[in-house]
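# Close look at the chain arrangement
Here's the letter readout for the chains.
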Amino acid sequence: MTTLRSLLCLLLFAWLPGLSFAWGPIGHMAVDYVAYQQLTPATKTRVRDLLKLNPEYANWEKQIPPGTSPEDRDMMIFMIAATWADDTKGDPRYSDDGADPNTPDGATSSQNIGYGDLFRHRYWHFVDTPFSPDHTPLPAIPVPNAQTQIIAFRAVLASSRPNDLKSYDLVWLLHLIGDVHQPLHATARVTQSDSKGDAGGNKVKLFGDAASNLHSYWDDLPGADCKFCSDKAGCLNRAIVYGKSLKPAVPGMGRNTDTAAWIRESFEEARTTVYETPIGSGDGPYIIVPWSTYDIQAYKLAQKRIALAGTRLAHVLNHELK
């Protein structure tokens, strides 16, 4: 049942334009919970040391419940770090660059300079691979995007670059690998009425559901939450419970470290599953009935994608982080 607190959070989102996230805090932390269980001891030590270089590390420590064991403390900080890239969107110390904050524009769009970079880089969170059910001409895919940045950040982790930069790229990877496994962060449906695309389902409105649009519905599948109303400690507990409930990723798929392949999977899931009935060809509003066939299939797909994201993240860190 939706609580009053949840409703207040949703109303707040309605008044804050442009705040779209891939998976909510629970989903992102669940990805990192899954990953942490599969890290080698050496990798756990390395990521722990790199995360200490993040300017928010002291605040992350304060969110760990008293009496937590050292091992669980490191795991929880690893999970919290997955939300850092989204947290900057609401942090006044950071700003958007370019005329449209969701579109790369200029040299700052692809810079990789570490924590001295105070741009939010919203366009790094997704890759708008277009498709059109009505044969509308497809726009070009903006770059840089989630795919280009994951590749760039992985290259830094595998290099001899300074630890400060590796720390910055690490926290982005903890987030972006989760992002690209959310189907609507890898696609844009292009129609005659949305010739530039539907912004990963953000323009497709829903009615009669807790979420306001198709994108936020998929973000909330691991657990509806609001980053501005809920403390991270509560999210941590929910993310751990959710992460423990997930079936392990199929081994062969989990070992796939091809960034482009991850995005193709999400794109195909979006094209063939996300935009199915009751989602129509326009911008809605549509009704997704709780426990309907669509709702159940969406929940199961989210579970599969989060388990895959966590396993692939672990594989990348174990084999590429130097």
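Residues numbered from 1 in each chain as written. Predicted model: local features only at pLDDT ≥ 70, side-chain atom pairs only at ≥ 80, totals over all residues. Heavy atoms only, no water.

### Re the overall build of the protein
Helix and strand counts for the protein stand at 13 helices and two strands. Long-range contacts, defined as pairs at least 24 residues apart, comprise 75% of the intrachain contacts of the protein with a sequence gap of at least 6. Taken as a whole, the protein presents about 14100 Å² of accessible surface, with 59% of it coming from carbon and sulfur. (Helix = DSSP H or I, 4+ residues; strand = E, 2+ residues; numbered from the N terminus. Contact = heavy atoms within 4.5 Å. Areas by Shrake-Rupley, 256 points an atom, 1.4 Å probe, with all protein chains shown as cover.)

### So, the packing of helix α7 (residues 146-157) against helix α8 (residues 163-179)
Between α7 and α8, the least distance of the axes is 9 Å, while the angle of their chain directions is 140°. By the criterion of interaxial angle, the relationship of α7 to α8 is oblique. The handedness of the crossing between α7 and α8 comes out as left-handed. Where α7 approaches α8, its residues Q149, I150, F153, R154, V156 and L157 are matched on the opposing element by L165, K166, D169, L170, W172, L173, L176 and I177. (Axes fitted to C-alpha atoms, helices over the stretch in contact; angles between N-to-C directions. Parallel < 35°, antiparallel > 145°, perpendicular 65-115°, else oblique. Left-handed = near helix turned anticlockwise from the far one by under 90°.)

### Side note on the nonpolar core
L51, F78, L214 and W218 are the most contacted members of the largest nonpolar core, which totals 81 residues. Here the element with the most residues in this core is helix α13 (residues 293-320); it accounts for eleven residues. Discounting chain neighbours no more than four positions away, the residues touching F78 are D32, A35, Y36, L39, V47, L51, L174, L313 and L317. (Core = buried A, V, L, I, M, F, W, Y, C linked by side-chain atoms within 4.5 Å. Buried < 20%, exposed > 50% of the residue type's maximum accessible area, 1.4 Å probe, protein only.)

### A short note on the pattern of salt bridges
Inspection of every chain in the model, using the stated rule, returns 13 salt bridges. Among the salt bridges present, the one from E56 reaches R93, with a minimum N-O distance of 2.8 Å. Taken as a pair, E56 in the loop between α3 (41-51) and α4 (57-62) and R93 in the loop between α6 (84-87) and β1 (130-131) lie far apart in primary sequence, 37 residues in all. Here D96 makes a salt bridge to R120, at a shortest N to O gap of 3.5 Å. Here D96, found in the loop between α6 and β1, pairs with R120, found in the loop between α6 and β1; they are 24 residues apart in sequence, far enough to count as distant. With a relative accessible area of 30%, D96 lands in the partly exposed category. A single salt-bridge network, built from bridges that share partners, covers E56, D91 and R93. (Salt bridge = Lys/Arg side-chain N within 4 Å of Asp/Glu carboxyl O.)

### A short note on helix α5 (residues 70-81)
With twelve residues, α5 extends 17 Å between its outermost C-alpha atoms, agreeing within 8% with the 16 Å of an ideal straight helix rising 1.5 Å per residue. Here α5 has its buried residues at D74, M75, M76, I77, F78, M79, I80 and A81. (Expected span 1.5 Å × (residues − 1).)

### Here's the deal with the packing of aromatic side chains
Scanning all chains against the criterion turns up 16 aromatic pairs. Each ring, one from W124 and one from W172, has its centre 4.9 Å from the other, and the planes form 70°; the classification is edge-to-face. Note that W124 is positioned in the loop between α6 and β1 and W172 in helix α8, a separation of 48 residues in sequence. Across this residue pair, the class does not change: W124 and W172 are buried. (Phe/Tyr/Trp six-rings, centres within 6.5 Å; stacked < 30°, edge-to-face > 60°.)

### Considering a nonpolar patch on the surface
Side chains of F207, I287 and V289 sit close together on the surface and give an oily, nonpolar patch of about 300 Å² of accessible area. As for its position among the elements, F207 is in the loop between β2 (188-189) and α9 (214-219). (Patch = residues over 30% accessible without salt bridge, like charges linked within 9 Å, V, L, I, M, F, W, Y side chains within 5 Å.)

### With respect to the packing of helix α2 (residues 25-36) against α13
Contact pair α2 / α13: the axes reach a minimum separation of 7 Å and the direction vectors enclose 50°. The pairing of α2 with α13 is recorded here as oblique in orientation. Crossing handedness for the pair α2 and α13: right-handed. The segment α2 lies against α13, with G27, A30, V31, D32, V34 and A35 engaging I306, A307, A309, G310, T311, L313 and A314. Grouping the amino acids of the contact of α2 with α13 by side-chain chemistry returns nine nonpolar, three polar and one charged. (Nonpolar A, V, L, I, M, F, W, Y, C, P; charged D, E, K, R; others polar.)

### Focus on unusual backbone geometry
In this model, T277 is joined to P278 through a cis peptide bond whose omega is 15°. Relative to the helices and strands, P278 is located in the loop between α12 (259-274) and α13. The linkage connecting G284 with the following residue, P285, adopts the cis geometry, with an omega of 10°. Residue placement: P285 occurs in the loop between α12 and α13. Its identity as a non-glycine residue notwithstanding, H135 has a phi of 65°, on the positive side. Counting through the fold element by element, H135 comes out in the loop between β1 and α7. For A199, which is not a glycine, the phi torsion comes out positive at approximately 55°. Its location among the elements puts A199 in the loop between β2 and α9. Residue A199 is classed as partly exposed on the basis of its relative accessible area of 35%.

That is the geometry; function is a separate question.
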